[in-house]
Amino acid sequence: MVTDAAQILVASNRGPVSYSPDGKGGLDARRGGGGLVSGLSAIGSDAQSLWVCAALGEGDREAVRRGVSEPGVRMLDIDPAIHSDAYNGIANSVLWFVHHMLYQTPLEPVFDREFRRQWGAYRAYNRAFAEALAADAAQGAAVLVQDYHLALVPGMLRQMRPDLRIGHFTHTPWAPPDYFGLLPDDVAEELLRGMLGADRLGFLTRRWADAFAACCERVTGGTGTTAIGVHGLGADADFLRERAHRPDVAEQMAQLREQVGEGRRTIVRVDRTELSKNIVRGLLAYQELLETRPEWRERVVHIALAYPSRQDLAVYREYTAEVSRIAAEINERYGTAGWTPVVVHVKDDFARSLAAYRLADVALVNPIRDGMNLVAKEVPVVSDAGCALVLSREAGAHWDLGEEAITVNPYDVTGTAEALHAALTMPDGERAERTKRLSAAATSLPPRRWFLDQLEALRA
Ligand code: F6P
C-alpha cells in the first residue's frame, strides 16, 4: 500500500522548472510557463499533486544528485544516452515528424537497426516514467500523462497499477492513417496500444481525435473501452493582459518601434524555430509581397521573433541557419538606408514577444501543421489597436479562429503573399471588430478550465 502519495499526478518530458549552474557552486532554478503550469495551479496548493518530469540538462541532473527540488516536482535522472535516443531519436525525429508530416519521403524515414535500438531506448524511458508514477501515486489517483514522448506510459502503468485513473493528452496534431502507416507495423501497434492503456485520451481538436480513431480502426480494430475527448486549450487572458502592461514590455515596445521606424505597418510572427512553423515560406511570402506589390516597400516591416529550439538535431540547426540566411537576403535585396525590411530576433524574450503582439498590425501564423498554436490566440488578446490574423488552415487554432482570420494554405507562398496584402489593407474598423471576436474565441477555454475539465472527465 502506498502512503503519503499523490492524488493527482502529471507526467511530461519537460517539467515546470529547470536548473542551471549559478557560477558560485549553486544552482539557479527557472520556472517555466505554459498551459500545464497554469492549469495545474487551478487545483490549489493543498491538493496532493506531483509533477514527474525528466532531468534535461546537466543542471537538472546535478539538482537531482544534490536532492534539490521544488515542492510537488520529481525529476527523473534517466541515463543521458537513453534519454537522448528516446527524446531526440524517437520523439523528436520520428513521432514529431510523423504527426507533423515533415518527412521528405524519397529519402526518409529509414527504419533500420539503429531505429530499433532507439526504439528500445524509448521503451526504457517510458518505463522509467511508469515506474516513478506507480511508486508515487496514491490508491485510485488520477494520472495525466502528456504527449508523444510518453505514449507507452499508459499501457505500462495500467499493468503496474490497475487501480489508477489514467489520462493521456496529445499536444501535437495526429497523423492521418496513411501517413501514420509509415511506421513499422509492430511499432505503430505498440504505440497505439500503449496509449489505449489509458482510461481517457485527450486531443486539442476534433480533427486530431478523429485521425487517432481512424489509425486505431486500421491497426488495432478500434479504440476499445478508452474514452476520447477534445479540449482546445485557449489563451490565459487575465495573465496576458496584466503581463503585457509591465514596464519591461513597454521598454521592448520602444526598442521595436525604433527598429520599425515612424509610420510603418508591422507583420509579426513569434515562434520557436521549428520545422513545422514554416518560417522560411513565411519569409518567401513576404519577399513576394515586396516584389509584386512594390507600394509596400519602405512602408512595412516584418518582425520575426524566431527562438532556437531542439538544437541537438542537425536538421533544426540547418533550418535555423536558413531562416537567418533568407532574412539577410531580403534585407540585402530590398533594404534602404532608413528601412530594414525584416527585423529578426533570436534570443527568447517573453517581454519582447508581448511587445511585438501589442504592436502587430498583422500576425502571421502559417504552420505546416500545428496541434493548436497559442500565438494565434494570444496576439488578439493583447493587441493595442487590433490585428489582422493570417492563419494556416493546418493549425489546430484554425478550428476556433478560422472565421475571423484570413486563411492560408501553408505551402502556397503566393496565396500567403496575397493574404498578407489583404491583412495590411483591412480597414481599421473591420480589424478592430475581428480582433474582438478573435479574442473572445481565443479565451473561451482558459488553461485552468482546460485542465479541470480533463481531470473531472477522467474521474467521472
Ligand atoms: O507540442 C508539443 C510540445 O511538447 C509542446 O508541449 C511544447 O511547446 C513543444 O512541444 C516544445 O518542445 P520541447 O520540449 O522539445 O522544446
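Look a little higher up for the structure.
Residues numbered from 1 in each chain as written. Predicted model: local features only at pLDDT ≥ 70, side-chain atom pairs only at ≥ 80, totals over all residues. Heavy atoms only, no water.

Draft legend 1. Highlighting helix α13 (residues 350-359). Taking burial as the measure, the ten residues of α13 include nine buried ones, the bulk of the element. Among the residues making up α13, those that are buried are Ala 351, Arg 352, Ser 353, Leu 354, Ala 355, Ala 356, Tyr 357, Arg 358 and Leu 359. For α13, the secondary structure elements touched by its buried residues are α9 (237-243), α10 (247-260), β10 (265-273), β11 (300-308), β12 (342-345) and α14 (374-382). The opening residue of α13, the one whose side-chain oxygen lies 3.0 Å from the backbone nitrogen of Ala 351, is Asp 349. (Buried < 20%, exposed > 50% of the residue type's maximum accessible area, 1.4 Å probe, protein only. Helix = DSSP H or I, 4+ residues; strand = E, 2+ residues; numbered from the N terminus. Contact = heavy atoms within 4.5 Å. Polar contact = N/O pair within 3.5 Å; in protein donor to acceptor, adjacent residues only side chain to side chain.)

Draft legend 2. Spotlight on helix α3 (residues 80-100). Taking 1.5 Å per residue as the helical rise, α3 with its 21 residues ought to reach 30 Å, whereas the 26 Å between its terminal C-alpha atoms falls clearly short. At Ala 91, α3 shows its strongest bend, of approximately 40°. Measuring from the side-chain oxygen of the N-cap residue of α3 to the backbone nitrogen of Ala 81 gives 2.8 Å; that N-cap residue is Asp 79. Phi for Met 101, located one or two positions after α3, is positive at around 55°. (Expected span 1.5 Å × (residues − 1). Bend = angle between axes of the 7 residues up to and from the residue.)

Draft legend 3. Summary view of the nonpolar core. Among the nonpolar cores identified, the biggest contains 160 residues, and Phe 129, Trp 174 and Phe 180 are the most heavily contacted of them. The greatest single-element share of this core, amounting to nine residues, is contributed by helix α4 (residues 113-136). Taken domain by domain, this core gets at least three of its residues from each of domain 1 (6-233 + 449-459) and domain 2 (237-442). Not counting residues up to four positions away in its chain, the partners in contact with Phe 180 are Val 98, His 99, Trp 174, Ala 175, Ala 188, Leu 191, Leu 192 and Cys 215. (Core = buried A, V, L, I, M, F, W, Y, C linked by side-chain atoms within 4.5 Å. Domains from an automatic or database assignment.)

Draft legend 4. Broad picture of the pairing of strand β6 (residues 137-146). Taken across its ten residues, β6 has eight buried, putting it largely inside the fold. Sheet topology places β6 next to strand β7 (residues 165-169); five bridges connect them, and they run parallel. Along β7, the bridge assignment pairs Gln 146 with Phe 169. With respect to chirality, the unit in which β6 leads through helix α5 (residues 153-160) into the neighbouring parallel β7 is right-handed. (Pairing = 2+ DSSP bridges. Right-handed = clockwise from strand over helix to strand, strands pointing away.)

Draft legend 5. Structural detail: the packing of aromatic side chains. Here the structure, examined in full by the defined rule, presents 13 aromatic pairs. Among the aromatic residues, those joined into a cluster by ring pairs are Phe 111, Phe 115, Trp 119, Tyr 122, Tyr 125 and Phe 129. It is Arg 310 that lies over the ring of Trp 96; its NZ or CZ is 4.0 Å from the centre. (Phe/Tyr/Trp six-rings, centres within 6.5 Å; stacked < 30°, edge-to-face > 60°. Lys NZ or Arg CZ within 6 Å of the ring centre and 35° of its normal.)

Draft legend 6. Here's a closer look at the site of the ligand. Taken together, the residues surrounding the ligand are Arg 14, Tyr 87, Asn 92, Trp 96, Asp 147, His 149, His 171, Thr 172, Arg 272 and Arg 310. Take Arg 14: an N or O atom from its side chain is 2.8 Å from an oxygen atom of the ligand. Taking Tyr 87, its side chain carries an N or O atom lying 2.4 Å from an oxygen atom of the ligand. Tallying contributions element by element places α3 first for the shell around the ligand, with three residues. Looking at the shell around the ligand, its residues break down into two nonpolar, four polar and four charged. (Near = heavy atom within 4 Å. Nonpolar A, V, L, I, M, F, W, Y, C, P; charged D, E, K, R; others polar.)

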